[in-house]
Amino acid sequence: MKKLNVAIIGQGRSGRNIHGKFFNSDRNKLYNLVAIVDIDAQRREIAKDEYRNCVAYENYTQLFERDDIDLVVNASMSKDHYAITKDLLEHKFNVLTEKPFARNRYECDNLIKIAKDNNVKLGVFHQSLFAPVYTEAKKAYESGKLGKIKQIDITYNGFARRWDWQTSQAQMGGSIYNTGPHPIGYGLGFLNFDPDFKVVYSSLDNVITSGDADDYAKILITAPNKPLVDIEVTSIDAYAAPVFKILGSKGTYKSTFKEWEMKYIVDGENPEQNLILEPLKDENGLPAYCSENLITHEEKGEINGSAFDVGTKLFYEMMYNAIVNNMEMEIKPEHAAMVISVIEQAHAENPLPVKF
């Protein structure tokens with residue numbers, strides 16, 4: 001099987017610890033890492049030691065001198081994603097850009113158009129949509145066992161302070177640009193990326209981080225004839241809830257990143273109760289509470305793998321098939337653009353003062 005030559009722009013937490021780690025692992029069967037780009041000289045030297053047969057460049061424009069690169073991974077800082085991706089696409093490179101896709105929907109749509117005009121592939125690294133924690137939840141959601149789904153809670157919470165560039169609005173930081181694409185992508189996925197989705201409520205605030213960007217986010221989205229999705233991303237929750245909670249007319253599903261469980265009723269096992277309008281009383285004539293012991297069924301299991309192993313491998317297989325076999329991508333840049341639409345609206349509705 002033909003291997004593709006790949007270059008990574010950026011050797012930070014994503015470029016090195018996710019993408020570089022994958023290319024250097026036994027899970028990678030499809031790519032040769034041939035180049036990295038980083039402005040930091042020390043990182044370039046580390047990369048040359050960590051990746052065999054890899055050339056290190058200081059500026060991504062040096063990649064334009066090569067004609068043997070099949071895919072460029074843009075793992076630059078968030079504020080640079082749009083400009084660098086645009087330049088690469090215009091130079092006819094296939095590009096996989098990290099999240100967030102861009103600052104706003106206009107920039108996303110522009111990149112999609114440039115990729116099509118130049119007949120190259122554009123991917124946005126929403127590998128979490130291949131993560132087992134999501135695929136297990138989606139399986140339960142679509143199984144019918146929970147009945148009509150009314151609400152889905154997605155919680156990406158913790159209790160910790162930050163003081164790095166990800167807390168700066170000027171650097172395009174904040175919880176919903178940084179972490180938000182994961183749960184927002186999940187939420188839109190449950191809505192099947194319905195183009196008629198809408199944000200019905202949003203709230204952003206800066207609470208305990210050192211910068212001026214959001215570290216608290218609550219966003220509610222829905223679509224016609226689809227459930228309400230409640231998305232929460234905060235740094236002030238010392239007792240974090242499950243990642244997913246799906247509430248249906250027949251039962252509930254919940255999961256952490258490690259395990260899932262589901263409790264539900266089955267049609268015909270619990271007789272219908274006739275409405276009684278008079279006050280209830282027991283056999284002794286005393287007031288009685290309206291209650292019953294439902295016959296329920298329970299299932300549970302483990303979550304095996306994560307976005308960083310299973311999700312990354314599957315995403316890169318998808319990118320390979322798109323480039324080599326011209327196969328349609330399951331996770332499209334249009335999906336990532338919808339995520340940015342949610343983030344853009346939340347920021348517009350909740351402007352925070354720029355302090356730095």
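Our structure is the block above this text.
Residues numbered from 1 in each chain as written. Predicted model: local features only at pLDDT ≥ 70, side-chain atom pairs only at ≥ 80, totals over all residues. Heavy atoms only, no water.

Asks: Teacher, can you tell me more about helix H8 (residues 307–324) here?
Replies: Helical periodicity: at 3.6 residues per turn, an α-helix aligns residues three or four positions apart in one direction. Taking 1.5 Å per residue, 18 residues should reach 26 Å; H8 reaches 24 Å between its end C-alpha atoms and fits that length. Within the sequence span of H8, burial applies to Ala307, Gly311, Thr312, Phe315, Tyr316, Met318, Met319, Tyr320 and Ala322. In the core, the buried residues of H8 are packed alongside strand E1 (4–9), helix H1 (15–23), strand E2 (31–37), strand E4 (71–74), strand E5 (95–97) and strand E6 (122–124). By the N-cap criterion, in which a side-chain oxygen at the helix start approaches the backbone nitrogen of a residue two or three places on, H8 is capped by Ser306, the distance to Phe308 being 3.1 Å. Trailing H8 by a residue or two, Asn326 shows a phi angle of about 55°, which is positive. (Helix = DSSP H or I, 4+ residues; strand = E, 2+ residues; numbered from the N terminus. Expected span 1.5 Å × (residues − 1). Buried < 20%, exposed > 50% of the residue type's maximum accessible area, 1.4 Å probe, protein only. Contact = heavy atoms within 4.5 Å. Polar contact = N/O pair within 3.5 Å; in protein donor to acceptor, adjacent residues only side chain to side chain.)

Asks: Help me understand unusual backbone geometry in this model?
Replies: It is generally the case that most residues other than glycine have a negative phi and that most peptide bonds are trans. Looking along the chain, the bond that leaves Lys99 and enters Pro100 is cis, with omega of -10°. Tracing the sequence through the fold places Pro100 in the loop between E5 and helix H4 (105–117). The backbone of Lys92 sits at a positive phi, close to 65°, despite the residue not being glycine. Here Lys92 lies in the loop between helix H3 (81–90) and E5. Positive phi, normally seen in glycine, also occurs at Asn119, with a value near 55°. Within the secondary structure layout, Asn119 lies in the loop between H4 and E6.

Asks: Mind showing me how you'd approach the pattern of salt bridges here?
Replies: Opposite charge on two side chains permits them to pair, given that their charged atoms come into close proximity. Under the definition given, this model contains 22 salt bridges. Arg43 is the salt-bridge partner of Asp38, the closest N and O atoms lying 3.7 Å from each other. In this structure, Glu317 and Lys313 form a salt bridge, with 2.5 Å as the shortest nitrogen-oxygen distance. With Glu317 and Lys313 both in helix H8 and four residues apart, the pair spans about one turn of that helix. Put simply, Lys218, Asp230 and Glu232 are held in one network by salt bridges that share partners. (Salt bridge = Lys/Arg side-chain N within 4 Å of Asp/Glu carboxyl O.)

Asks: Please explain the environment of His335 as it appears in this structure.
Replies: With respect to the secondary-structure elements, His335 resides in helix H9 (residues 333–349). Distance in space between the C-alpha atoms of His335 and Asn192 is 9.6 Å, their sequence separation being 143 residues. Setting aside residues no more than four positions away along its own chain, His335 makes contact with Phe193 and Glu330.

Asks: What's the story with the side chain of Asn350 in this structure? I'm lost.
Replies: With respect to the secondary-structure elements, Asn350 resides in the segment after H9. Since its relative accessible area comes to 15%, Asn350 is described here as buried. In terms of polar contacts, Asn350 uses its side chain to reach the side chain of Ser202, at 2.8 Å. Every residue in contact with Asn350, bar those within four places of it in the chain, is listed here: Ser202, Ser203 and Leu204.

Asks: Could you clarify how one ought to interpret the packing of aromatic side chains in this entry?
Replies: When we look at a pair of aromatic rings, we describe it by the centre distance and by the angle of the planes. Overall, the coordinates contain 20 aromatic pairs when judged by the stated rule. Between Phe22 and Tyr316, the aromatic rings sit 5.0 Å apart at their centres with planes inclined by 5°, giving stacked as the arrangement. Of the two residues, Phe22 sits in helix H1 while Tyr316 sits in helix H8, which places them 294 residues apart along the sequence. What makes Phe22 buried here is its relative accessible area of 3%. The class for Tyr316 is buried, based on a relative accessible area of 0%. Ring geometry for Tyr31 and Tyr316: centres 5.2 Å apart, planes at 70°, overall edge-to-face. With Tyr31 in strand E2 and Tyr316 in helix H8, this residue pair connects regions lying 285 residues apart in the sequence. Each of the two residues, Tyr31 as well as Tyr316, counts as buried. (Phe/Tyr/Trp six-rings, centres within 6.5 Å; stacked < 30°, edge-to-face > 60°.)

Asks: Would you mind showing me how to read the sheet that holds E6 here?
Replies: Two modes of strand pairing occur in sheets, parallel and antiparallel, and in both the strands are linked by backbone hydrogen bonds. The six strands are arranged E3-E2-E1-E4-E5-E6 in an open sheet whose pairing can be described as parallel. The two strands at the open ends of the sheet, each matched to only one other strand, are strand E3 (55–57) and E6. Averaged over all pairs of adjacent strands, the angle between their axes in this sheet comes to 25°, without regard to strand direction. For E2 and E3, the ladder comprises three bridges, and the chain directions are parallel. Bridging from a neighbouring strand, Val37 pairs with Tyr57 of E3. Running at roughly 175° to E5, H3 makes contact with E1, E4, E5 and E6 of the sheet. (Pairing = 2+ DSSP bridges. Axes fitted to C-alpha atoms, helices over the stretch in contact; angles between N-to-C directions.)

Asks: Can you help me understand H1 in this one?
Replies: Buried within H1 are the following residues: Gly15, Ile18, His19, Gly20, Phe22 and Phe23. Down the axis of H1, the buried set is contained in an arc of 165°. They therefore lie on one face. Contacts made by the buried residues of H1 are with E1, E2, E4, E5 and H8. (Arc of directions from axis to C-beta.)

Remember that the coordinates give geometry; whether it matters functionally is a separate question.
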